[in-house]
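Examination of the molecular architecture
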Amino acid sequence: MTLGTPTSDEALALGTEGNDDRFTAIDTMSVTDLAAAMNAEDARVPSAVAAALPSIVIAIDAVIERLRRGGRLIYVGAGTPGRIAVLDASECPPTFGTDPNDVFAIIAGGEAALINAREGAEDDVAAAVAAIHASAVGESDVVVGIASSGRTPFVLSAIEEARRRGAATIGVSCNRNTPLSVASEHPIEVIVGPEIISGSTRLKAGTAQKLVLNMISTISMVALGRTYGNLMVDVRASNAKLRERAVRIVSTVADVEPKRARSALESGNFQVKPTIVSLRLGLPLDEAAALLDRHQGRLRDVLGAQS
C-alpha cells in the first residue's frame, strides 16, 4: 500500500470521503434547491474553523517566531490544497511587500499542476523530499502541509523531511487524528464533514483551508509590523488601483491632502512607509528609510518613538 493511501475501509471512515444521505439525489434537484443546499453547507465552514481556533493560534505563534528569526513560510500541497497554497503565497508580496522567496508554495507536480490536474503527483514521495531539499529548508523555516484527507503521501513526506531538517511543521487537514497531524508539530484539524458531492474536497474542505491560510499569512504579517492598524502600508503599488490605495494610505496616516500625498509618493517611487515617515517627521526620504530599518520596518514604533 502506498504511504498515506487509505484502504477502502479506511476511506469510508474519513469524514471527507463520507456520503451524506441528504444529497444522494442531487441530480434530481432544481438549480434553486441545489444553490440553497450548497450555500447552507458552506455556511457550516466558519463554525468548523472557529472550533479549531486554539490549534490555529498555536500554529500562527510558531510561524511568527520563525519569521522573526529571518526564516520563511513554506506551504506544501497537492491538487486543490496546493493551488490554494499557491494563491495565498502569491498574494503576500503585493499585499505585504514580502520577498517572493520568503513566502512560497510547493505544489505536487510543479507549476504545470496549477492549470492541469496531475493526480498521480500526490503519490510521488521522492519528489516531495527532493522539493524540500531544493528549497534548502532549515531550522529557521516553517513548513505548512495542507491535505484535506490528512493522508496525501506527497504532503506527508514533505512534512516528515522538513521536520527532520529542524523546521517547524504545521499540518492542516479536515479529518480527525490523521497521519498528517501525527507527523506535524502543530496539527490543525478543521472538521467540515462530507461534501455535497461525496469526496469533492474542493468544496467545504477547500473553503476551510483558504480561511485557515488567510489567518496564517495575514496575522503573521500584522504581527511583524507589515500593516499600520488595518492599513496596507507595505503594499507594492504596482498598478493604478494600488497607487490610488497608496495615496489614500499616506494621506490618512501622514494627515496630508491627497494631492500632497501623491506628489510625495511620486518623488519616492511609491514607497509608502518611508513617505509617511518623511511627511510626518519632516525627514528626507533616505533618512526616513534608515529610521524604519532601525525599527525593523515597524511604522508604529517609528512614529511612536518620535511622538
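Before reading on, note that the structure itself is shown above.
An account of the accompanying structure is given in this report. Every value quoted in this text rests on a predicted model; they were computed, and no experiment measured them.

Turning to the environment of Ser184, a few remarks are in order. Structurally, Ser184 is set in the loop between helix H8 (179-183) and strand S5 (186-189). If we skip the residues at most four places from it in the chain, Ser184 touches Ile159, Arg163, Thr169, Ile170 and Gly171. There is a polar contact of 2.8 Å between the side chain of Ser184 and the backbone oxygen of Leu180.

Below, the discussion takes up the packing of helix H11 (residues 258-267) against helix H12 (residues 272-281). Remark: H11 packs on H12, axes separated minimally by 10 Å, with the N-to-C direction vectors making an angle of 120°. One way to sum up the angle between H11 and H12 is to call them oblique. Relative to H12, H11 is oriented so that their crossing is right-handed. Here H11 contributes Arg260, Ala264 and Leu265 to the contact with H12, which in turn contributes Val272, Thr275 and Leu279. Looking at side-chain class alone, the contact of H11 with H12 contains four nonpolar, one polar and one charged residues.

The next subject is the nonpolar core. Within the largest apolar cluster, 34 residues are counted, with the highest numbers of intra-cluster contacts made by Leu73, Tyr75, Val144, Ile188, Val190 and Ile216. Of all the elements in the fold, those that place two or more residues in this core are helix H3 (45-51), helix H4 (53-68), strand S1 (73-77), helix H5 (79-96), strand S3 (142-146), strand S4 (168-173) and helix H9 (204-223). If near-sequence neighbours (up to four positions away) are discounted, Leu73 is found in contact with Val63, Leu67, Asp102, Val103, Phe104, Val142, Val144 and Ile216. In terms of nonpolar packing, the next biggest core, distinct from the first, is built from 26 residues, Val247, Leu265, Val302 and Leu303 among them.

As a further point, take the packing of aromatic side chains. On inspection of all chains with the given rule, the structure shows zero aromatic pairs. Taking NZ or CZ as reference, Arg300 lies 4.4 Å from the ring centre of Tyr228, over its face.

With that settled, the discussion passes to the pairing of S5. Alternating residues of S5 divide into His186 and Ile188, all buried, and Pro187 and Glu189, none buried. In this sheet, S5 lies alongside S4 in parallel orientation, the contact comprising four bridges. Residue pairing in the sheet places Gly171 in a bridge with Pro187 of S5.

Further remarks concern the sheet that holds S5. Taken together, five strands build an open sheet; the order of strands is S2-S1-S3-S4-S5 and the sheet is parallel. Whereas interior strands pair on both sides, the edge strands pair on one side only; in this sheet they are strand S2 (103-107) and S5. Averaged over all adjacent pairs, the angle separating strand axes in this sheet is 20°, with direction ignored. Contacting S1, S2, S3 and S4, helix H7 (residues 153-164) runs over the sheet at an angle of about 165° to S3.

Right, let's talk about H5 for a bit. For an α-helix the count is 3.6 residues per turn, leaving residues at separations of three or four pointing the same way. The end-to-end C-alpha distance of H5, which contains 18 residues, comes to 26 Å, matching closely the 26 Å that a straight helix rising 1.5 Å per residue would cover. Taken residue by residue, H5 has Pro81, Gly82, Ile84, Ala85, Asp88, Ala89, Cys92, Pro93, Thr95 and Phe96 as its buried positions. Structurally, H5 contributes buried residues whose contacts are with S1, S2, S3 and H9. Just beyond H5, the residue with positive phi is Gly97, at close to 70°.

Cut-offs used in this document
Residues numbered from 1 in each chain as written. Predicted model: local features only at pLDDT ≥ 70, side-chain atom pairs only at ≥ 80, totals over all residues. Heavy atoms only, no water. Helix = DSSP H or I, 4+ residues; strand = E, 2+ residues; numbered from the N terminus. Contact = heavy atoms within 4.5 Å. Polar contact = N/O pair within 3.5 Å; in protein donor to acceptor, adjacent residues only side chain to side chain. Axes fitted to C-alpha atoms, helices over the stretch in contact; angles between N-to-C directions. Parallel < 35°, antiparallel > 145°, perpendicular 65-115°, else oblique. Left-handed = near helix turned anticlockwise from the far one by under 90°. Nonpolar A, V, L, I, M, F, W, Y, C, P; charged D, E, K, R; others polar. Core = buried A, V, L, I, M, F, W, Y, C linked by side-chain atoms within 4.5 Å. Buried < 20%, exposed > 50% of the residue type's maximum accessible area, 1.4 Å probe, protein only. Phe/Tyr/Trp six-rings, centres within 6.5 Å; stacked < 30°, edge-to-face > 60°. Lys NZ or Arg CZ within 6 Å of the ring centre and 35° of its normal. Pairing = 2+ DSSP bridges. Expected span 1.5 Å × (residues − 1).

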